[in-house]
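For reference, the chains in residue letters:
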Amino acid sequence: MKCQQCEKPATFHITELTGAEPQEIHLCEGCAQKYLMQTPGTGMPGKASLAGMLAQQLKVADTAKELEKLDEKCCPICGISFYEFRNQGRLGCPHDYVFFASELEPLIVNIHGDLVHKGKHPLTHKRSTESQTKLIQLRREMNEAIRLEQYERASELRDTIRNLEESEDQPGDEHSV
Amino acid sequence: MNVDLNELTGRAGEWMKGAGPQSDIVISSRIRLARNIAEFPFIRRCTAADRAAIDKAVRDRLAEVPQLTDLAYLRVDELSDVDRHFLAERQLISRELVEAEGARSVAIDQNERLSLMINEEDHLRIQVMKSGFDLVAAWDQINEVDDLLETKLTYAFHEKLGYLTACPTNVGTGMRVSVMLHLPALVITQQIEKVFRSLQKINLAVRGLYGEGSQAMGDFYQISNQITLGRSEIELRNQVHDVVPMIIDYERRARDFLLKQNQQDLHDKISRAYGILRTAQTISSEETMHLLSSVRMGVNLGLIDDLVIADINKLFVDTQPAHLQKLRGGPLDTAGRNSERALYLRRYLSQKEKDGADQN
Ligand SMILES: [Zn+2]
Ligand SMILES: [Zn+2]
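Residues numbered from 1 in each chain as written. Chains lettered and ligands numbered in written order. Predicted model: local features only at pLDDT ≥ 70, side-chain atom pairs only at ≥ 80, totals over all residues. Heavy atoms only, no water.

**Quick look at the overall build of chain A**
Okay, so step 1: Across its full length, chain A holds 8 helices and 2 strands.
Okay, so step 2: Ordered by position from N to C terminus, the α and β elements of chain A give β-β-α-α-α-α-α-α-α-α.
Okay, so step 3: Classification of the 177 residues of chain A by burial places 45% in the buried group.
Okay, so step 4: If you sum the accessible surface of chain A, you get close to 9200 Å²; carbon and sulfur atoms cover 52% of it. (Helix = DSSP H or I, 4+ residues; strand = E, 2+ residues; numbered from the N terminus. Buried < 20%, exposed > 50% of the residue type's maximum accessible area, 1.4 Å probe, protein only. Areas by Shrake-Rupley, 256 points an atom, 1.4 Å probe, with all protein chains shown as cover.)

Now the structure itself:
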């Protein structure tokens, strides 16, 4: 029997017990160890199930044409398309949770049964989601300016970033990354 | 602080110690937190320069936390392949970090309880590992480390969704609580399926590891929380924490039952396993795991007295491919590893037998 992930012979036979039915997974040693280190519900066969969950959810809600349009939707901050996310099961930046909110929320409810965080909150650095996004964008523009050797523009952007960081941090703390 | 990986080879990491509460059945308790730095894209959309900047930023900030100054830093991308796998076999880094690309690091504390992975699936993965059943201590430690880091780093956090992670399966607390259990008697008495079914009902993930032909391999099972959002960290921890004693109790009862009903068969199975490990000339890692599992139960039940649990845990780790190559001091192919593994087992076990005889 061949490994489900690569061409090597499958020597590990894992029974995944997280779903409704036990699922047999056949992997080579390398792929098996990788699989076992991963979070339940993600990674390899699990990742496929995340994609499957999404596909199912979308099929119900959208026509093929709408889905095609949705797949082309790209985050303005990191550039990831919805298609890429659907395929890889990984998001591109924190802003994706805002930008793709209407597509992601049903998925998150499906996984967690909830949409509201009840755990701990950062104590020191309370920064709004919008300013986090703004900072990623500014940093990206700054790197681009450096790449194009527009050093004046880059240093302007650096000042803007610094000001934004300082305005939101608690007084006396200059250590935000 | 620098770390000498060759020195680690001779040492037993935290989870190998076979110490801590209920360590006859619970191998280890582990908690992991996933965190991302607010101002960078998630790893998949990072440029090589972004990755290097994240790696540097996290390391620089960590160095400013006095409580974390004795951590050893390793640039994982600068290590040899064997060394990377060696760290993974000790469970200090994940397979994902072994195989990732670009700048990435791990910070490890002296006793191998705490490890911080930089640029894994998320920018930062904090992991605390304890031997035996000790989730309360694991949570206290990881929460403290997280609070300390949070004074230096701005995490990606959403008012409603909590800590933002690259995969939506981790969003919210970013917390995964896992307990590794050794359940050979539940496997022999065929009660294991029943236990799994009841765990699934309460949203816990169970993973079993099987060998060729669906034969239980090592009889190890990992139980962890599936959801990370909508419950507090303490609630998530307690969900796993509360169920483990019940499983321990089932396993103990199954062991008692086997001893009463079938001591001779059980003793035979365990002695044969021990015999093969002591005499084999070549042995695969799969067979080794399977046999060590029987011997481990034999030690717990007092049917083998040359060994203690820490020996068995050490053998599980040392007989893995990268450990064997580190111990041998050179590369080995599969056939070479199989005979090196057998040699290692014969030497180790005959030494223990001799030590035992000397004491008597
Ligand atoms: Zn494979
Ligand atoms: Zn994005």
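**Describing the layout of surface pockets**
Okay, so step 1: A volume near 690 Å³ is recorded for the largest pocket.
Okay, so step 2: Lining the largest pocket are 27 residues, with Arg139(A), Met142(A), Asn143(A), Phe40(B) and Asp50(B) sitting closest to its centre.
Okay, so step 3: Mapped by element, the contributors of at least two residues to the lining of the largest pocket are helix 7 (129-147) and helix 8 (151-168) of chain A together with helix 2 (48-62) of chain B.
Okay, so step 4: Of the residues forming the lining of the largest pocket, the biggest block, 8 residues, is contributed by helix 7 of chain A.
Okay, so step 5: Residues that form the lining of the largest pocket fall into these classes: 12 nonpolar, 2 polar and 13 charged. (1 Å grid on protein atoms, 1.4 Å probe; cavity = no way out; pocket = protein on both sides within 12 Å on 5 of 7 lines; lining within 4 Å. Points joined across faces, edges and corners; volume = space filled by probe spheres on them. Nonpolar A, V, L, I, M, F, W, Y, C, P; charged D, E, K, R; others polar.)

**Points about the pattern of salt bridges**
All names here are of chain B.
Okay, so step 1: Within the structure shown, the criterion is met by 31 salt bridges over all chains.
Okay, so step 2: Of the charged contacts in the structure, one is a salt bridge between Asp-268 and Arg-272, with a shortest N-O distance of 2.9 Å. Taken as a pair, Asp-268 and Arg-272 lie in helix 8 (residues 233-279) at a separation of 4 residues, close to a single helical turn.
Okay, so step 3: Taking relative accessible area as the criterion, Asp-268 reaches 38% and is therefore assigned partly exposed.
Okay, so step 4: Look at Arg-272 and you get exposed, because its relative accessible area is 56%. (Salt bridge = Lys/Arg side-chain N within 4 Å of Asp/Glu carboxyl O.)

**Digging into the confidence of the model for chain B**
Residues and elements named next belong to chain B.
Okay, so step 1: Averaged over chain B, the pLDDT score is 89; the fraction of residues at 70 or greater is 96%.
Okay, so step 2: The low-confidence segment residues 210-216 (pLDDT under 50) makes 21 contacts with residues lying over four places distant or belonging to another chain.
Okay, so step 3: Reported confidences for the modelled complex are a pTM of 0.83 and an ipTM of 0.88. (pLDDT = per-residue confidence, 0-100. Contact = heavy atoms within 4.5 Å.)

**Some thoughts on the pairing of strand 5 (residues 124-131) of chain B**
Residues and elements named next belong to chain B.
Okay, so step 1: Of all 8 residues in strand 5, 8 are buried; the element is thus mostly enclosed.
Okay, so step 2: Strand direction decides the pairing type here: strand 1 (residues 26-35) and strand 5, joined by 8 bridges, are antiparallel. Across the sheet, residue Leu-33 finds its bridge partner in strand 5, namely Ile-126.
Okay, so step 3: Pairing geometry for strand 4 (residues 114-118) and strand 5, over 5 bridges, is antiparallel. (Pairing = 2+ DSSP bridges.)

**Considerations on the pairing of strand 1 of chain B**
Looking along a regular strand, one sees the side chains alternate between the two faces of the sheet.
All names here are of chain B.
Okay, so step 1: Of all 10 residues in strand 1, 10 are buried, a share of seventy percent or more.
Okay, so step 2: Pairing of strand 1 with strand 8 (residues 175-182), which is carried by 7 bridges, proceeds in the antiparallel orientation. Bridge pairing links Ser-28 to Met-180 in strand 8.

**A few points about the coordination of the zinc ion (ligand 2)**
All names here are of chain A.
Okay, so step 1: Here the zinc ion (ligand 2) is held by Cys-75 (SG), Cys-78 (SG), Cys-93 (SG) and Asp-96 (OD), and the distances to it run 1.9 to 2.3 Å.
Okay, so step 2: Considering all 4 donor atoms around the zinc ion (ligand 2), the spread of angles at the metal, 95 to 120°, places the coordination shape in the tetrahedral class.
Okay, so step 3: Each donor residue of the zinc ion (ligand 2) belongs to the same chain, and together they define the spacing C-x2-C-x14-C-x2-D. Comparing Cys-75 with Cys-78, the two get one shared label, buried. (Donors = N, O, S within 2.8 Å, 3.2 Å for Na, K, Ca; no water. Tetrahedral: all angles 85-135°; square planar, octahedral: opposite > 155°, others 65-115°.)

**With respect to the nonpolar core**
Okay, so step 1: If you look at the biggest cluster of nonpolar residues, it comprises 89 residues, and the most contacted ones within it are Leu116(B), Ile126(B) and Leu149(B).
Okay, so step 2: Examining the composition of this core, we find that 13 residues originate from one element, helix 8 of chain B, more than from any other.
Okay, so step 3: Here Leu116(B) is in contact with Leu62(B), Leu71(B), Ser105(B), Val106(B), Ala107(B), Leu124(B), Arg125(B), Ile126(B), Val145(B) and Leu149(B), once residues within four sequence places are set aside.
Okay, so step 4: Core analysis: the second largest hydrophobic core is formed by 24 residues, Leu70(A), Leu91(A), Leu104(A) and Ile111(A) among them. (Core = buried A, V, L, I, M, F, W, Y, C linked by side-chain atoms within 4.5 Å.)

**Re the confidence of the model for chain A**
All names here are of chain A.
Okay, so step 1: Summary statistics for chain A give a mean pLDDT of 76 and a share of 67% for residues scoring 70 or more.
Okay, so step 2: Note on residues 39-48: pLDDT is under 50 here. Beyond four places in sequence and across chains, it has 32 contacts.
Okay, so step 3: Between residues 170-177, whose pLDDT stays under 50, and residues either more than four places distant or in other chains, the model counts 26 contacts.

**What to know about helix 9 (residues 285-300) of chain B**
Residue and element names in this part refer to chain B.
Okay, so step 1: Spanning 16 residues, helix 9 covers 22 Å between terminal C-alpha atoms, matching the ideal 22 Å at 1.5 Å per step.
Okay, so step 2: For helix 9, the complete set of buried residues consists of Glu-286, Thr-288, Leu-291, Leu-292, Ser-293, Ser-294, Val-295, Arg-296, Met-297, Gly-298 and Val-299.
Okay, so step 3: Just past helix 9, the residue Gly-302 takes up positive phi, approximately 75°. (Expected span 1.5 Å × (residues − 1).)

**As for the packing of aromatic side chains**
The relative placement of two aromatic rings is captured by the distance of their centres and the angle of their planes.
Okay, so step 1: Within the structure shown, the criterion is met by 7 aromatic pairs over all chains.
Okay, so step 2: Taken together, the aromatic side chains of Phe82(A), Phe85(A), Phe99(A) and Phe100(A) make up a single cluster linked through ring pairs.
Okay, so step 3: The ring of Phe99(A) carries Lys73(A) above its face, with NZ or CZ at 5.0 Å from the centroid.
Okay, so step 4: The ring of Phe86(B) has Lys326(B) lying over it, and the distance from NZ or CZ to the ring centre is 5.5 Å. (Phe/Tyr/Trp six-rings, centres within 6.5 Å; stacked < 30°, edge-to-face > 60°. Lys NZ or Arg CZ within 6 Å of the ring centre and 35° of its normal.)

**Looking at helix 2 of chain B**
Residue and element names in this part refer to chain B.
Okay, so step 1: Its 15 residues give helix 2 an end-to-end C-alpha distance of 21 Å, which sits within 8% of 21 Å, the value for a rise of 1.5 Å per residue.
Okay, so step 2: Three or more residues of helix 2 are buried, namely Asp-50, Arg-51, Ile-54, Asp-55, Ala-57, Val-58, Arg-61 and Leu-62. Down the axis of helix 2, the buried side of the element spans an arc of 165°, and every buried residue falls inside it. Projecting away from the buried face of helix 2 at angles above 90 degrees are the exposed residues Ala-48, Ala-49 and Lys-56. (Arc of directions from axis to C-beta.)

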